[in-house]
Structures are given as C-alpha cells and as structure tokens.
There are 2 protein chains.
Amino acid sequence: MNSSNFTQTTVQTRQAEARQWFEKLADLICNEFEALEKELPATFKELTIAQKFTRIRTTRNAPPGTDLGGGVMAKMIDGRVFEKVGVNVSTVYGPISSRMSQALMERQASRLNEGDQEFWASGISLVAHMGNPRVPAIHFNTRMFTTNSGWWFGGGTDLNPCIERQEDTDQFHAGLKQVCRQHSSELYPQLKRWADEYFFLPHRGRARGVGGIFFDDFNTGDWDNDFAFVRKVGQFFLDFYLSLVKIRQLEQWTHKERELLLMHRGLYAEFNLIYDRGTKFGLETGHNPDAVLMSLPPVAKWR
Amino acid sequence: MNSSNFTQTTVQTRQAEARQWFEKLADLICNEFEALEKELPATFKELTIAQKFTRIRTTRNAPPGTDLGGGVMAKMIDGRVFEKVGVNVSTVYGPISSRMSQALMERQASRLNEGDQEFWASGISLVAHMGNPRVPAIHFNTRMFTTNSGWWFGGGTDLNPCIERQEDTDQFHAGLKQVCRQHSSELYPQLKRWADEYFFLPHRGRARGVGGIFFDDFNTGDWDNDFAFVRKVGQFFLDFYLSLVKIRQLEQWTHKERELLLMHRGLYAEFNLIYDRGTKFGLETGHNPDAVLMSLPPVAKWR
C-alpha cells in the first residue's frame, strides 16, 4: 500500500483494529495461562497456590502534559507452572526523536522515510519462563508500526528448550510453515532464516534456542492480508504452546536438568541484553524499564 | 611520553614490566583469597569445603598458525566465602582490526593514531561475587595498552554492596583519594567523576554500586610515575578488600537480604551486558567468551 491511498481515515481504522486485536489476544493468553496454572501439576511440590496475572500500567518518559501512550504489563510470577511470564501490550506514539530514528535505521527499517516526523506503534510481546526444565521457554511478539507515510508489521516467535526434543521442534516449525504458506509459499523459508540469523549469539557461536520465525518491515501492499497473517501467527503461537505445556508439564524432571535450565537462562539473558532489538529500542526510547526487561528470566546462573 | 623517545627497546622493557606486575598481582590475590576462603566462617553452614582457584588458559580466535596472545582465567566458585570470583590476566597483541579500531574509537581512546597498525595489551581484571549479602561485590581492573605510536594505562575499581554501609563507602573512597593524591591533587575528583558517569545505568536511572575510580587513555608523559600509580591502585584494592571481607563475612544475614543480593546482581548483569566497554571490546575482538563474561554473577534474579 503506497502513501497515496493510505488516507488518514483508513490509518485510524487500521490502527484501531490492530490495537484491539493485540489487546484481545493478550486477554485470551492470560486467561488460558491462568487455567493451565490451576489445572496442571506443580513443578515444585511446595507450590500449592495457583497464581494469577497482576496488571500494571506502563508509560513512556514524557514531558509534563504530554501523552506519548503506554500500555499494560501483565505478569505472573512464582506460579505452580509458570515461574515467570510477562505479557505486555502497548500503544505508543509521538514525534520521531533522532534517537528513535537512529534505532530504527539500525534495525534497517527501510519503511522509514525522510519526511516522517510522527510514529504510532501498537503491539503485544510475551516471554514465558517455566519452572519445569522439560517445558521450553517461549517468546512471541507482533506489532504494527505507522509513520506519516506508511505502515508495517513486525514480530516473531521462537522456542527455547534447555533440553531439545526433536518432536517439539518439528511440530513448532511445521505449524509455522503452515501459517506462512497461507500467505505465500516463499514466506516460511525467509522468516525462518531471518529467525536463525536473529536469535544467534555470535560470541557463543550458537543459537539461543531452536528458532522459529522473525519478521520486520512487513508490508506486501495488502494490509488486510498482512494483518490476517499477523493474527494467525498469534493464534498459532497460543494453540501450540498450550498443548505443549499440557504434555511437558506432566514429566518428571531432575535436579541436573533444572541446573541446565538455569544456565540456559543465562544465555537467554545475554541475548536479550546484548543483541535484542526490541530491548534496545525500548530502553533507548525511554519506555518503562521494568516492562522492557520483563523478558529477563526469574533466576539465571553463570558458572 | 611522545613517540620520538618511545624506542622499541623501552617499549619492550615496559611491556615486560607491566605484564610481570599484573601476573604477580593476580597470584597474590588468588593466594590471599584462598586464605580467606579457609579462615572465615562459611556463608551457608552446608558449605564445609574451602574451595581453591582453578586456572585455565584463554586464547583469542586466531587464524591457524597465528599467535594473538592469550591469558589465564583463575576461577573459584561455590566457595564457603567466595560464591564466584574470577581473576583474568591476559596479554594480547596483533594487527588492529577495523572492528577493534572502531571499538577503541567508541571508547574515545584518543591515544590511537591513524598510522597505528599493531597493538599490544596486558592487564588484570577481577570480579568477586560473595555469598553473604553483607559482603559487597567488587570489581577491579588495570591494563597497559601500546600501539605503534604510544602507550596508555586504563582501569578502575568500584564497590557493589546490595545494602550500602556508609562507613565502607567512605573508607573505600578515602583510600582511593589517598592513592590518587600521591600522583596529583586533581586526579581523585576526575577519576571518581568518571566512575560515577561510567558505572551508571541510564535505563534504571541509577548507579550500579557506590562508585570508585575509572580511568582510560592515562598517559601523563611519565611512564614510571603512571605505572607506579597503576600498581598502587592494585595494592590498595587488595588491602582494602581483604580487610572488608574479614569484617563483613562475620555478620549474620537474613533470607530477605540474600534475595536483595540476587536482585542487585540482576542489575550488575544488566550493566555488564548492556554498557560495559571491556565486555563489548572482549566479545567484539574474539576473546574467549567465558573469560570475558566471567564477571557475570553466579546466580541472579529478575522479578
């Protein structure tokens, strides 16, 4: 979709639609996760209380009297099943600062044009760290971004087991492939490769998990179709993870596996603090640090 | 000292002197820390075995047949007193790659000249994370750097209590002030300010600890005098920390204080992974990641 037919009215309608979806999806996820938290056996037998999400409002640093938007951070910690899970939704907007412009350029967000002065962004992001080392951690996020001259979507999801199970990896990728194929046949290999490149720690010479998909600057010219894809990624993530947790949480784990998990989380923290674009962007654009860093593990070890 | 009287012979003599000092100091520190590990009461009563340092050789990634130098990483973990302490010494050299040149420029290492093609660097770096939350963590490092055209020293030390004790902070800074005053009267305020600016987490709006001193590109033109200062910083660090640990390790601590410590270590990991120049430089120049990241805490929490 080029700027000529991207009228102010359609922008606002689409922004509203996208925002509603992200917020609805966040509520759905929180409800489903709370249900699992109640139903499934506890990771540690001393954890008897099923936890619930607590929600707090988050804001960006703004001059007094200025509204730059904000969001809601839903967090559940020390649960019977979920050791720490955060679901952030936020809708932020305002002038494009030079810092933000630089951060976007570093992200090679080619959709940013020179005349762009204002941005709007809405999205959902989620990271779940599970107590049972047999249950992989997961990351998922999707967002819509608009500037004066255009729009794009971004997002991704990747699976982070500390002990890889080939069948889980295969099922995750097969599902993502199917979601992508509904959009176009070339999409899955592209987005998988992007994830392989993105979720990689050069200093460790290894990936942080078993991959998934990653996309940014996503605009094929057909907003309805692109937005449908973004919704499908969200739906797939939720369906896949619910069924995975239901199976893997039933498994017995050992102390040695739990130690492996804590070390693997160290790697996860390294990735998020050194490389993750969303983290950098969030910290550099003055968003609430607790919301930006919600992805960090509840406990991690380095030896 | 300008390049004209910085002859090849004096360079080599000075490099050897500096290297010997860093290696000698590392041995001294390891011996003294092992003595404390034996003498002092254990943090957790189940820790009955006094640990010792293990040493492994570290190297930089180098093409086959190329020697780019390396070092020794001495590490002691799960000790009665020292939960994790790493003492790295390394001496590295070789061509200045564009990546390294960029990293040095970002560090505003003004001593780097355009014609410089080779570098040599030797140094010691140390981080101690203590099990007892009443005993502050500490960081210390000093190094000498030479290029084709000149030399400089760098380093610093900062104290990281999770519960600040004013008398410890005061004593640390008073000692550093005295060390600096022997060199010049303006030095302490300069290096303290540099540490205050450096050991700061903009995204948290706070310092990581109670400060100390930080210096880089340190070359007053008098190598002997500058090297004497570097040695004094090392001696002071060791004397101060030994007497501090001897006092604070005797104190009883609570579960709540231990939780505070684990959260404070999260902040420490954030600093090192997001901001620390030495970490960035080490990872970008292909040094052994385990040696570079040895500063990371043994266990950290994020809520």
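Everything here concerns the structure above.
Only a predicted model underlies this, so the values are computations on that prediction, with no experimental measurement involved. Residue numbers here run from 1 along each chain, matching the order of that chain's written sequence. Chains and ligands are labelled sequentially in the order written, the chains with letters from A and the ligands with numbers from 1. Totals for whole chains, interfaces and linings use every residue, but because this is a predicted model, local features are given only for residues with pLDDT of at least 70 and side-chain atom pairs only at 80 or more, for both listing and counting. Working from all heavy atoms in the structure, the side-chain values ignore hydrogens and water.

Colleague: Give me the sheet that holds strand 4 (residues 118-130) of chain A: which residues, what numbers.
Modeller: Residues and elements named next belong to chain A. Here, strands pair whenever DSSP counts at least two bridges between them. Per the convention used, a helix needs a DSSP run of H or I reaching at least four residues, while a strand needs a run of E reaching at least two, with both numbered from the N terminus. If you walk across this open sheet you meet the 7 strands as 1-2-3-4-5-6-9, and the pairing is antiparallel. Only two strands of the sheet have a single neighbouring strand rather than two, namely strand 1 (54-59) and strand 9 (212-218). Pairwise comparison of adjacent strand axes, ignoring direction, gives a mean angle of 10° for this sheet. Two strands pair when backbone bridges link them, and strand 3 (residues 82-95) and strand 4 are joined in this way by 13 bridges, in the antiparallel orientation. Note on strand 4: the bridge partner recorded for Ser 90 is Gly 123. Note on contacts: a residue pair is in contact if any heavy atoms of the two residues lie within 4.5 Å. Comment: axis = line fitted to C-alpha atoms, over the contacting stretch for helices; angle = value between 0 and 180 degrees taken between N-to-C directions. Strands strand 3, strand 4, strand 5 (137-147) and strand 6 (150-160) of the sheet are contacted by helix 6 (residues 255-274), whose axis makes an angle of about 160° with strand 4.

Colleague: Tell me what's going on with the packing of helix 3 (residues 166-181) of chain B against helix 4 (residues 187-198) of chain B, and back it up with residues and numbers.
Modeller: Residue and element names in this part refer to chain B. Packing of helix 3 against helix 4 brings their axes to within 8 Å, and their N-to-C directions diverge by 130°. Taken together, helix 3 and helix 4 sit at an angle that is classed as oblique. The crossing of helix 3 and helix 4 is right-handed. Of the residues in helix 4, those touching helix 3 at His 173, Leu 176, Lys 177 and Cys 180 are Leu 187, Tyr 188, Leu 191 and Lys 192. Counted by class, the contact of helix 3 with helix 4 contains 5 nonpolar, 1 polar and 2 charged residues. Any angle from 65 to 115 degrees is called roughly perpendicular, while one under 35 is roughly parallel, one over 145 is roughly antiparallel, and all others are oblique. Note on convention: the crossing is left-handed when the near helix lies turned anticlockwise from the far helix by less than a right angle, right-handed when the turn is clockwise. Asp, Glu, Lys and Arg are counted as charged, while Ala, Val, Leu, Ile, Met, Phe, Trp, Tyr, Cys and Pro are counted as nonpolar; the rest, among them Gly, fall into the polar class.

Colleague: Kindly report on the sheet that holds strand 3 (residues 82-95) of chain B, identifying the contributing residues and their values.
Modeller: The pairing of strands in a sheet comes from backbone hydrogen bonds and takes either a parallel or an antiparallel form. Residue and element names in this part refer to chain B. Ordered by their spatial adjacency, 7 strands build an open sheet running 1-2-3-4-5-6-9, and the pairing between neighbours is antiparallel. Unpaired on one side and paired on the other, strand 1 (54-59) and strand 9 (212-218) mark the two borders of the sheet. Averaged over all neighbouring strand pairs, the angle between strand axes comes to 10°, with direction disregarded. When strand 6 (residues 150-160) meets strand 9, the two strands line up antiparallel, connected through 5 bridges. Note that in strand 9 the partner of Gly 156 across the bridge is Phe 214.

Colleague: Outline the relation of the copies chain B and chain A, supporting the account with residue identities and numerical values.
Modeller: For the least-squares superposition of copies, only C-alpha atoms count, and only for residues with pLDDT at least 70 in both. Once chain B is rotated about the relating axis by 180° and shifted along it by 0.0 Å, it coincides with chain A to within an RMSD of 0.0 Å. Both copies of the chain, as the preceding transformation shows, are related through a two-fold rotation axis. The overlap is high: 100% of the interface residues of chain B also sit at the interface in chain A, so the same surface is used on both sides.

Colleague: Before we move on, can you summarise the layout of surface pockets with the specific residues and values?
Modeller: One number sums up the size of the second largest pocket: a volume of about 480 Å³. Along its surface, the second largest pocket is lined by 24 residues, and A:Glu83, A:Arg258, A:Leu262, A:Val299 and B:Lys301 are the ones closest to its centre. Elements represented by at least two residues in the lining of the second largest pocket include exactly strand 3, helix 6 and strand 10 (299-301) of chain A together with helix 6 (255-274) and strand 10 (299-301) of chain B. Detection works on a 1 Å grid of protein atoms alone, calling trapped sets that fit a 1.4 Å probe cavities and calling open sets with protein on both sides within 12 Å along at least five of seven lines pockets, with lining residues defined by an atom within 4 Å of a point. Grid points are joined across faces, edges and corners, and a volume is the space filled by probe spheres set on the points.

Colleague: Now, about the pattern of salt bridges: what can you tell me, with residues and values included?
Modeller: The term salt bridge refers to a side-chain nitrogen of Lys or Arg lying within 4 Å of a carboxyl oxygen of Asp or Glu. Taken as a whole and assessed by the stated rule, the structure comprises 36 salt bridges over all chains. One salt bridge connects A:Asp158 with A:Arg208, and the closest N-O pair in it is separated by 2.7 Å. One end of the pair, A:Asp158, is in strand 6; the other, A:Arg208, is in the loop between strand 8 (206-207) and strand 9, with 50 residues separating them in the sequence. Just as A:Asp158 is buried, A:Arg208 falls in that class too. Salt-bridge contacts for B:Arg204 lead to A:Asp290; the nearest nitrogen and oxygen are separated by 2.9 Å. Here B:Arg204 is found in the loop between strand 7 (200-201) and strand 8 (206-207), whereas its partner A:Asp290 is found in helix 8 (residues 289-292) on a different chain. Throughout this description, buried means an accessible area under 20% of the type-specific maximum (1.4 Å probe, protein chains only), exposed means over 50%, and partly exposed covers the range between. We classify B:Arg204 as partly exposed; its relative accessible area is 25%. According to the relative accessible area criterion, A:Asp290 is partly exposed, its value standing at 42%.

Colleague: Describe the interface of chain B and chain A, with residues and values.
Modeller: If you look at the interface, chain B gives 22 residues, while chain A gives 22 residues. The buried area of a pairing is the accessible area, by a 1.4 Å probe, that goes missing from both parts when the two are put together, added over both. Both sides together, the interface formed by chain B and chain A hides about 2,100 Å², and carbon and sulfur atoms give 62% of it. Taken as a group, B:Leu273, B:Trp302 and B:Arg303 account for 33% of the area that chain B buries against chain A, more than any other trio of residues on that side. Here chain B is connected to chain A by 4 salt bridges. Under this definition, polar contacts are N or O atom pairs within 3.5 Å; protein pairs additionally need one hydrogen-donor-capable and one acceptor-capable atom, and for neighbouring residues in sequence, both atoms have to be side-chain atoms. Put simply, chain B and chain A have 11 residue pairs in polar contact (both at pLDDT 80 or more) between them. Sorting the residues of the side of chain B that touches chain A by element identifies strand 2 (69-77), helix 6, helix 8 (289-292) and strand 10 of chain B as the ones contributing at least two each. Its residues assigned to classes, the side of chain B that touches chain A shows 13 nonpolar, 1 polar and 8 charged. Bridging between strand 10 of chain A and strand 10 of chain B involves 3 bridges; their strand directions are antiparallel.

Colleague: Pulling in residues and values, what's your account of the environment of A:Pro136?
Modeller: All names here are of chain A. Summarising the element assignment, Pro 136 is placed in the loop between strand 4 and strand 5. Note on Pro 136: relative accessible area 3%, which makes it buried. The contacts of Pro 136, once residues within four sequence positions are left out, are Met 130, Leu 159, Asn 160, Pro 161, Tyr 241 and Leu 244.

Colleague: Any details on the packing of aromatic side chains? Residues and values, ideally.
Modeller: The aromatic pairing rule takes the rings of Phe, Tyr and Trp, using the six-membered ring of Trp, and pairs them if the centres are within 6.5 Å, calling planes under 30 degrees apart stacked, those over 60 edge-to-face and the rest tilted. Per the stated rule, a full pass over the model turns up 48 aromatic pairs over all chains. The ring centre of B:Phe227 lies 4.5 Å from the NZ or CZ of B:Arg231, which sits over that ring. A ring has a charge above it when a Lys NZ or an Arg CZ is no more than 6 Å from the ring centre and no more than 35 degrees off the ring normal.

Colleague: Explain the side chain of A:Asn272 residue by residue, including any values.
Modeller: Residue and element names in this part refer to chain A. Tracing the backbone shows Asn 272 in helix 6. In this structure the side chain of Asn 272 is engaged in a polar contact, spanning 2.8 Å, whose partner is the side chain of Ser 295. The contacts of Asn 272, once residues within four sequence positions are left out, are Arg 208, Thr 279, Ser 295 and Leu 296.

Colleague: Explain the environment of B:Ala121 to me, using residue names and the numbers behind them.
Modeller: Residues and elements named next belong to chain B. Of note, Ala 121 is situated in strand 4 (residues 118-130). Residue classification places Ala 121 among the buried positions, given a relative accessible area of 11%. In the structure, Ala 121 is positioned 110 residues away from Val 11 in sequence and 12 Å away in space, judged by C-alpha atoms. Setting aside its immediate chain neighbours within four residues, Ala 121 contacts Ser 90, Thr 91, Val 92, Met 144 and Phe 145.

Colleague: Can you explain unusual backbone geometry? Please cite residues and give values.
Modeller: Backbone geometry places A:Asp217, a non-glycine residue, at a positive phi of 55°. In this structure A:Asp217 comes out as buried when scored by relative accessible area, which is 13%. Look at B:Asp78: it is not a glycine, yet its phi comes out positive at around 55°. Residue B:Asp78 is classed as partly exposed on the basis of its relative accessible area of 37%.

Keep in mind that these numbers describe shape and distance, not what the molecule does.
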